[in-house]
Amino acid sequence: MPIPFEEFLFALVNNLGVFALLTMGYGSLLRYIPRGPIRFAGIGCLFGAGARFAMVGGVHFPNGNIVDARGVMLALSGAFGGPIAAAVTALIATFVRLLLGGGSMLQGIALIWITAITSLVFARIVAPGGRPSKTHHFFHLGLLACLPASVLLCNALAADLPQIALYVLLPLGVAKVFGVVVLGRFLSSAREFLIATQALERQAMLDPLTGLPNRRSLERNSTAIIDKARRRDECVAALVIDIDHFKRMNDRYGHDAGDEVLKQVAATIVTHLRAGDA
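Keep in mind that this is a model prediction, so the values were computed, not measured.

Student: Pulling in residues and values, what's your account of the overall build of the protein chain?
Tutor: When you go through the protein chain residue by residue, the secondary structure sums to nine helices and two strands. Counting helices and strands in the order they occur from the N terminus, the protein chain gives α-α-β-β-α-α-α-α-α-α-α. Residues classed as buried in the protein chain amount to 39% of the 278 residues present. Of all intrachain contacts in the protein chain linking residues separated by at least 6 positions in sequence, the fraction that spans at least 24 positions is 69%.

Structure representation (structure tokens):
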């Protein structure tokens with residue numbers, strides 16, 4: 001079953017649109033949902049939706065085999081959402097495969113879980129912290145995503161292997177590797193951008209010398225602190241600290257010594273704060 005070049009190119013363009021939507025959704029989850037099972041499950045649902053899109057547009061063979069780009073989503077879900085996201089993505093893909101039916105349904109479901117598990121293990125072994133970020137990481141991950149379906153299809157259609165390899169496995173393999181590399185880089189860039197943005201936001205709220213919250217932090221958080229105390233019918237107190245003879249110390253020993261005093265005072269304050277103190 002040859003795949004015309006125009007159809008192959010159209011599929012790549014469609015995938016780029018899906019990749020863009022996935023990247024925006026992934027960035028929103030990172031920004032607005034705290035790290036934990038809910039975020040990871042949300043990432044799994046995103047990749048599961050992408051897998052569903054890929055499976056519906058896959059190539060169907062008379063013997064019930066379906067070849068598609070679901071491996072892109074299965075390969076990356078564990079790398080960007082951990083075991084929970086990989087499991088959720090695989091569950092959604094399994095449900096869609098059950099709905100599609102066909103004689104090779106059970107084999108297809110097995111491939112879904114094999115791809116999800118092997119990709120998760122690969123990401124944990126190759127990349128620091130199980131988070132691939134380099135192009136060669138995603139290239140190898142894309143090759144790994146191609147293997148299970150390729151082996152199964154070659155065994156099932158051994159008589160037509162030359163044509164299948166040239167007209168089906170090669171273009172879809174290129175699409176999978178391309179998809180894993182491009183989507184992986186998109187997601188990695190979104191994650192790195194968010195980390196850098198959050199670091200800048202934290203720096204803007206802290207005094208660079210002492211590391212204590214600054215005036216901007218007080219202005220942003222004071223309303224929320226007062227509203228919380230009002231709801232709980234609690235009191236709010238502000239502590240003002242003055243360092244005696246600080247100007248004299250600056251004049252006598254210099255500003256470097258004065259800065260060191262400020263750091264020591266700040267460290268002393270932090271060590272005596274209670275859990276509920278702002």
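Student: Any chance you could break down the packing of aromatic side chains for me, citing the residues and the numbers?
Tutor: Within the structure shown, the criterion is met by two aromatic pairs. Ring geometry for Tyr-26 and Phe-80: centres 5.6 Å apart, planes at 85°, overall edge-to-face. Of this pair, Tyr-26 sits in helix 1 (residues 5–32) while Phe-80 sits in helix 3 (residues 70–100); the two residues are 54 residues apart in sequence, bridging distant segments of the chain. For the residue pair Tyr-26 and Phe-80, the accessibility class agrees, reading buried in each case. The interplanar angle of 10° and the centroid separation of 6.0 Å between the aromatic rings of Phe-80 and Phe-138 together place this pair among those described as stacked. With Phe-80 in helix 3 and Phe-138 in helix 5 (residues 135–156), this residue pair connects regions lying 58 residues apart in the sequence. You'll find Phe-80 and Phe-138 in the same group, each marked buried.

Student: Account for the packing of helix 2 (residues 37–56) against helix 3, naming residues and giving values.
Tutor: The geometry of helix 2 relative to helix 3 is characterised by a closest axis approach of 7 Å and an angle of 45° between their N-to-C directions. By the angle between their axes, helix 2 is oblique relative to helix 3. Judged by the sense of rotation from one axis to the other, the crossing of helix 2 with helix 3 is right-handed. Partitioning the contact of helix 2 with helix 3 into residue classes produces 19 nonpolar, six polar and three charged.

Student: Explain the nonpolar core residue by residue, including any values.
Tutor: Phe-47, Val-72, Met-73, Leu-76, Phe-80 and Leu-183 are the most contacted members of the largest nonpolar core, which has 38 residues in total. Of all the secondary-structure elements, those providing two or more residues to this core are helix 1, helix 2, helix 3, helix 4 (105–126), helix 5 and helix 6 (161–204). Discounting residues that sit within four places of it in the chain, Val-72 has contacts with Phe-19, Lys-176, Gly-179, Val-180 and Leu-183.

Student: Pulling in residues and values, what's your account of helix 4?
Tutor: Between its first and last C-alpha, helix 4 extends 31 Å over 22 residues, near the 32 Å set by a 1.5 Å rise per residue. Every buried residue of helix 4 is accounted for by Gly-108, Ile-109, Leu-111, Ile-112, Thr-115, Ala-116, Ser-119, Leu-120 and Ala-123. For helix 4, the angular spread of buried residues about the axis comes to 160°, placing them on one side. More than 90 degrees from the buried face of helix 4, the exposed residues found are Leu-106, Ile-117 and Ile-125.

Student: Please give an account of the packing of helix 3 against helix 4 that cites residues and values.
Tutor: Put simply, helix 3 and helix 4 touch, their axes get as near as 9 Å, and they point 175° apart. Relative to helix 4, the element helix 3 is oriented roughly antiparallel. Looking at the contact of helix 3 with helix 4 residue by residue, the classes come out as 17 nonpolar, seven polar and three charged.

Each value, and the rule that gives it
- Residues numbered from 1 in each chain as written.
- Predicted model: local features only at pLDDT ≥ 70, side-chain atom pairs only at ≥ 80, totals over all residues.
- Heavy atoms only, no water.
- Helix = DSSP H or I, 4+ residues; strand = E, 2+ residues; numbered from the N terminus.
- Buried < 20%, exposed > 50% of the residue type's maximum accessible area, 1.4 Å probe, protein only.
- Contact = heavy atoms within 4.5 Å.
- Phe/Tyr/Trp six-rings, centres within 6.5 Å; stacked < 30°, edge-to-face > 60°.
- Axes fitted to C-alpha atoms, helices over the stretch in contact; angles between N-to-C directions.
- Parallel < 35°, antiparallel > 145°, perpendicular 65-115°, else oblique.
- Left-handed = near helix turned anticlockwise from the far one by under 90°.
- Nonpolar A, V, L, I, M, F, W, Y, C, P; charged D, E, K, R; others polar.
- Core = buried A, V, L, I, M, F, W, Y, C linked by side-chain atoms within 4.5 Å.
- Expected span 1.5 Å × (residues − 1).
- Arc of directions from axis to C-beta.

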